[in-house]
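Each chain, written out:
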Amino acid sequence: MLGQKYRKQLLEQMTLREKAAEMSQLWGENPDGTLMGLRRGFQKSTHLMDNAGSFLGFNGAELVLEAQRLHMEASAHHIPLLFMTDVIHGYKTIFPSVLGIGTTWDPDLAEEMASVAAAEASVSGVHVTFSPMADLVRDARWGRVTESTGEDPYLNSLFTAAFTKGYQGDGIDKPFHIASCVKHFAGYGAAEGGRDYDSTQIGDYQFYNDYLPAFQSAIDAGCELVMPGFNALNGMPCTCNKNLLSDVLRKYLQFKGIVISDCTAIWELVPHGVCADNAEAAERSLNAGIDIEMVSSTFYENLEALVERGDVTMEQIDEAVERILLLKDKMGLFENPYKDTDPEKEKELHLCAAHRALARKAVAESAVLLKNQNQVLPLKKGEKIALIGPLSDSRELIDVWGLVNGEEKDCVTIREGLSDQNIICVPGCHQWNLREMDAVHPSDEALIAEALQAAETCDKIVLALGEHPSMSSEAGSRSDLSLPANQMELLHALYRTGKPIITILISGRPLVLGEIAEHSDAVLMAWFPGTEGGNGIADLLTGQCSPSGRLTMSMPRATGQAPIYYNHLPTGRPNDADKYESFKNGYIDIYPGPLYPFGYGLTYTTFDYSPVSLSADQVSAADDSSEEPLLLASITLTNTGTCEGTETVQLYIQDVAGTYSRPVRMLKDFRKVTLQPKESTVVSFSVTPDMLKYYIPGKGLTLEKGLFRVFIGSDANTTNGKEFTLNRK
Ligand code: GLC
């Protein structure tokens, strides 16, 4: 680092126009250096290009070396560019989509994946990734649930910290580490109707208890940037929401780094209906606390006039530019603008065997076995199966964000994975057009006939169905969570053969699976498994690995249940999740609970839980700041099956009578335990005051006395519980 003195001198030398350029991020999309952003209706200005602070989505070792060299020559003060892009679950080696990383319940693995992604990205010239996505998600209609680790604040917090640490390591100046940008601040996942970019209305009670923890965790882990969401939060777009970006972010969460707008989000303040024109958009977003404007150019085009009119101050602008220069200095870019950019290293690291092996392991840990009746799985070596369906030999196993830098051509298909493990695959109906949501093509009959022919010659059917990458992620909201009708038609046709069906689902979100489960003997949800999808799935189907994935989003029985999540409030008329009672919270035409609950997942063995035992049932905490464990909660876990298995033992706590109504239960800890057949072990959890605290509007984090229930089980529906009372000294 060159230090504050150097940066101060630089700041003093910069003109206001140069500072405005430094606060601008251009869309550097084209290899020839002509910037997409500059062509997209911008006032073409080489001054902006030459003095811009950062490029978006412009990476690759050769490109970055050239672009940085040109920039260092052309820019007035030879300030190096920051290169930023979306590396959210891998760079070239693509890991499972983030929801699938969440279902590993393995933050250490997530950290390792982030570290690999950072190494692959850094040698391609990337300095900053727009990850982790810390949005709490409860509505699977929203396409971006695929980018989140799920519906639980505690679990999301573990993952956002893990991702941040993986990217940034022991210092962003160190080789193969990149800076992390946590997004989308905040509440974007609560979009009304699950419609992307729609309004969000979140009261402080829910906002502080459910939506902020994962951001706090990333900030505590040292993430360098924060990106506000596109959404209006309680009527005020996050991008110009001063309370959110200054009071909540800077004061409550103690964030000191850079705030970067989302792509064109400042332009969007005009259609949001809060700004009359781009000049006002620049003024309001700067005054709210935006430091870098992504792709739109309102800062560059308006800051001089805004300072002239006294609508913004030089101090505000200098503060923003100082944060940007500080990040560049922390990364050592003033001494070495090229950092880790290295074409040779690129060839060595991208998709190397070790990275593929990690991706393969992640697939096996992330897929969730939802059904396996009559032990139809695992397959036996040499077994002959009919391998059918649009995703059975497809490389479309990467979600939209993974495709920013990852490539489908590098993916291993399910057929390739199974064939490599000596499973004889008779192909059928691989060529289905997934993009037609409901059209039943004339060719479908021919494809179905081909599938039935393949099924005739085999004793088992492996059917791979699901979503096309374009059906989820950003701008991928769906009003119906079932599979396209043509895929259901194929399932029904195969069901009529009477042969066992093992259905593999490739999807960016929870789907409505009741009919699929009824017509399948086994169901494996594999999310978008990424580059090593075929191998990881084959490892599970053949028993090389035993399924251990657990849901981190509730699977709805019907689209109409969305949003549905386990940690909901009880209401005054609580209903039982799995039965209908009149005049109770729920519907008249479907059970109120999910088809498969948060935390649910099967293995190839079975586990037994003893009743919960508590080391005490009356406890007291010295005061609010005490962190001393209050009691121990334990169970004895036994592998009652015939093979090794990994169980994710989950600890939930319910505050039975708070000042505010508290969720029916909240995940507070978990342990992944691997046992051999007939092996038992005691699993104990310390229950601490922190686990019982919650945010009370106007009071902050509060510990209240009273009755609590502890549950320990294999998913959020567990009734294996015991009570204790917290008294106050
Ligand atoms: C997008 C997304 C954001 C992403 C950014 C840069 O519109 O909302 O998540 O990081 O643009 O690609």
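Structure report, in brief.

About the thresholds
- Residues numbered from 1 in each chain as written.
- Predicted model: local features only at pLDDT ≥ 70, side-chain atom pairs only at ≥ 80, totals over all residues.
- Heavy atoms only, no water.
- Helix = DSSP H or I, 4+ residues; strand = E, 2+ residues; numbered from the N terminus.
- Rg over C-alpha atoms; globule rule 2.2 N^0.38 Å.
- Areas by Shrake-Rupley, 256 points an atom, 1.4 Å probe, with all protein chains shown as cover.
- Lys, Arg positive; Asp, Glu negative; His and termini not counted.
- Charge placed at Lys NZ, Arg CZ, Asp CG, Glu CD.
- Near = heavy atom within 4 Å.
- Polar contact = N/O pair within 3.5 Å; in protein donor to acceptor, adjacent residues only side chain to side chain.
- Nonpolar A, V, L, I, M, F, W, Y, C, P; charged D, E, K, R; others polar.
- Core = buried A, V, L, I, M, F, W, Y, C linked by side-chain atoms within 4.5 Å.
- Buried < 20%, exposed > 50% of the residue type's maximum accessible area, 1.4 Å probe, protein only.
- Pairing = 2+ DSSP bridges.
- Axes fitted to C-alpha atoms, helices over the stretch in contact; angles between N-to-C directions.
- Salt bridge = Lys/Arg side-chain N within 4 Å of Asp/Glu carboxyl O.
- Contact = heavy atoms within 4.5 Å.
- Phe/Tyr/Trp six-rings, centres within 6.5 Å; stacked < 30°, edge-to-face > 60°.
- Lys NZ or Arg CZ within 6 Å of the ring centre and 35° of its normal.
- Right-handed = clockwise from strand over helix to strand, strands pointing away.
- Patch = residues over 30% accessible without salt bridge, like charges linked within 9 Å, V, L, I, M, F, W, Y side chains within 5 Å.

### As for the overall build of the protein
Okay, so step 1: Summing up its helical and strand segments, the protein has 22 helices and 27 strands in all.
Okay, so step 2: For 729 residues, the compact-globule estimate of 2.2 N^0.38 gives 27 Å, and the protein sits close to it at 26 Å.
Okay, so step 3: A principal-axis box enclosing the C-alpha atoms of the protein has dimensions of 75 × 70 × 45 Å.
Okay, so step 4: Total accessible area computed for the protein in this model is approximately 25,700 Å², and 51% of it derives from carbon and sulfur atoms.
Okay, so step 5: One finds the centroid of the 63 positive side-chain charges in the protein at a distance of 4 Å from the centroid of its 97 negative side-chain charges.

### A closer look at the site of the ligand
Okay, so step 1: Taken together, 13 residues lie around the ligand, and Asp86, Arg144, Lys183, His184 and Asp262 are the ones closest in.
Okay, so step 2: Within the contact set of the ligand, an oxygen atom lies 2.9 Å away from a side-chain nitrogen or oxygen of lysine 183.
Okay, so step 3: Here an oxygen atom of the ligand sits 2.6 Å away from a polar atom, N or O, in the side chain of aspartate 262.
Okay, so step 4: Considering the ligand on its own, with 310 Å² of exposed area, one finds that the protein chains cover 93% of that surface.
Okay, so step 5: A class-by-class count of the residues in the shell around the ligand yields 7 nonpolar, 1 polar and 5 charged.

### Some words on the nonpolar core
Okay, so step 1: Residues Phe185 and Phe207 are the most contacted members of the largest nonpolar core, which totals 84 residues.
Okay, so step 2: In this structure, Leu99, Tyr188, Leu447 and Ala493 belong to the second largest nonpolar core, which totals 47 residues.

### Some thoughts on the sheet that holds strand β22 (residues 666-675)
Okay, so step 1: Taking strand neighbours across the sheet as the criterion, the 5 strands line up as β19-β27-β26-β21-β22 in an open arrangement whose pairing is mixed. In this open sheet, the two edge strands, each paired with only one partner strand, are β19 (618-621) and β22. Going from strand to strand, the sheet's axes swing by 25 degrees on average, the running direction of each strand aside.
Okay, so step 2: In this sheet, β22 lies alongside strand β21 (residues 645-655) in antiparallel orientation, the contact comprising 9 bridges. Bridge pairing in β22 places glycine 645 opposite leucine 675.

### Focus: unusual backbone geometry
Okay, so step 1: Of note, the bond from lysine 183 into histidine 184 is cis; its omega dihedral lies within 30 degrees of zero at -10 degrees.
Okay, so step 2: Within the element layout of this structure, histidine 184 appears in strand β5 (residues 179-185).
Okay, so step 3: At the junction of leucine 377 and proline 378, the peptide bond is cis and its omega measures out at 0 degrees in the coordinates.
Okay, so step 4: Tracing the backbone shows proline 378 in the loop between β11 (368-372) and β12 (384-388).

### Comments concerning the pattern of salt bridges
Okay, so step 1: Within the structure shown, the criterion is met by 40 salt bridges.
Okay, so step 2: Notably, a salt bridge pairs lysine 361 with glutamate 365, separated by 3.9 Å at the nearest N-O pair. Remark: glutamate 365 and lysine 361 occur in helix α16 (residues 353-366); sequence separation between them is 4 residues, near one turn of the helix.
Okay, so step 3: For lysine 361, a relative accessible area of 40% translates into the label partly exposed.
Okay, so step 4: Note that lysine 693 and aspartate 690 form a salt bridge whose closest N and O atoms lie 3.3 Å from each other.
Okay, so step 5: Taking the relative accessible area as the measure of exposure, lysine 693 reaches 17% and is therefore buried.
Okay, so step 6: Residue aspartate 690 is classed as partly exposed on the basis of its relative accessible area of 44%.
Okay, so step 7: In the salt-bridge network here, residues are joined through shared partners; they are Lys92, Glu407, Lys409 and Asp410.

### Brief notes about the sheet that holds strand β16 (residues 522-525)
Okay, so step 1: On the basis of which strands lie adjacent, the open sheet formed by 6 strands has the order β11-β16-β15-β14-β12-β13 and mixed pairing. The sheet is open, and its two borders are formed by β11 and β13 (424-428), each paired with just one other strand. On average, each strand axis in the sheet is tilted by 20 degrees relative to the strand beside it, whichever way the strands run.
Okay, so step 2: Both β11 and β16 contribute to a ladder of 4 bridges, which runs antiparallel. What sits directly across from lysine 371, in β16, is valine 523.
Okay, so step 3: Relative to strand β15 (residues 501-506), helix α21 (residues 533-541) is tilted by about 150 degrees, and along the sheet it contacts β14 (460-466), β15 and β16.

### A look at the packing of aromatic side chains
Okay, so step 1: Under the definition given, this model contains 21 aromatic pairs.
Okay, so step 2: Taking the centre distance of 5.1 Å and the plane angle of 75 degrees together, the rings of phenylalanine 185 and phenylalanine 215 count as edge-to-face. Taken together, the positions of phenylalanine 185 in strand β5 and phenylalanine 215 in helix α10 (residues 213-220) put the pair 30 residues apart, joining distant regions of the chain. Summarising the burial analysis for this pair, phenylalanine 185 and phenylalanine 215 share the class buried.
Okay, so step 3: Where tyrosine 205 meets tyrosine 660, the ring centres are 4.6 Å apart and the plane angle is 20 degrees; that geometry is what we call stacked. With tyrosine 205 in helix α9 (residues 204-211) and tyrosine 660 in the loop between β21 and β22, the pair connects residues that are 455 residues apart, well separated along the chain.
Okay, so step 4: Relative accessible area serves as the criterion here: at 17%, tyrosine 205 is assigned to the buried category.
Okay, so step 5: Judged by relative accessible area, tyrosine 660 falls into the partly exposed class, the value being 31%.
Okay, so step 6: Aromatic ring contacts, followed pair by pair, group Trp105, Tyr566, Phe598, Tyr652 and Phe670 into a single cluster.
Okay, so step 7: Here the guanidinium or amino end of arginine 138 rests over the ring plane of tyrosine 565, the centre of that ring lying 3.9 Å away.
Okay, so step 8: The ring of tyrosine 694 carries arginine 662 above its face, with NZ or CZ at 4.0 Å from the centroid.

### Re the pairing of β12
Okay, so step 1: Across the 5 residues of β12, 4 count as buried, placing the element largely inside the fold.
Okay, so step 2: Across 5 bridges, β12 lies against β13 in parallel orientation. In the strand pairing of β13, lysine 384 is matched with isoleucine 424.
Okay, so step 3: With helix α17 (residues 414-420) bridging β12 and its parallel neighbour β13, the resulting β-α-β unit is right-handed.

### Side note on the pairing of strand β20 (residues 631-639)
It is a general feature of regular strands that their side chains alternate between the two faces of the sheet.
Okay, so step 1: For β20, the tally of buried residues reaches 7 of 9 residues, placing the bulk of the element in the interior.
Okay, so step 2: Summarising the sheet, strand β17 (residues 607-609) and β20 pair through 3 bridges and their orientation is antiparallel. Residue pairing in the sheet places aspartate 608 in a bridge with threonine 638 of β20.
Okay, so step 3: Bridge analysis of strand β18 (residues 613-614) against β20 gives 2 bridges, and the strand direction is antiparallel. Bridge pairing in β20 places serine 613 opposite serine 634.
Okay, so step 4: Pairing of β20 with strand β23 (residues 680-687) involves 8 bridges; the strand directions are antiparallel. Looking across to β23, one finds that leucine 637 is bridged to threonine 681.

### Considering the environment of leucine 540
Okay, so step 1: Residue position: leucine 540 is located in helix α21.
Okay, so step 2: With 16 residues separating them in the primary sequence, leucine 540 and leucine 524 have C-alpha atoms 9.3 Å apart.
Okay, so step 3: With sequence-adjacent residues up to four places away left out, leucine 540 is seen in contact with Val363, Ala364, Ala367, Pro378, Leu524, Cys545, Ser546, Pro547 and Tyr604.

### Side note on a nonpolar patch on the surface
Okay, so step 1: Residues Tyr580, Ile588 and Tyr591 make up a contiguous nonpolar surface patch of roughly 360 Å² in combined accessible area.
Okay, so step 2: By the element assignment, tyrosine 591 lies in the loop between α21 and β17.

### What about α21?
Okay, so step 1: In terms of burial, α21 is a largely internal element, 9 of the 9 residues being buried.
Okay, so step 2: Every buried residue of α21 is accounted for by Gly533, Gly534, Asn535, Gly536, Ile537, Ala538, Asp539, Leu540 and Leu541.
Okay, so step 3: Packing partners of the buried residues in α21 comprise α16, α17, β14, β15 and β16.
Okay, so step 4: Phi turns positive, to about 85 degrees, at glycine 543, one or two residues after α21.

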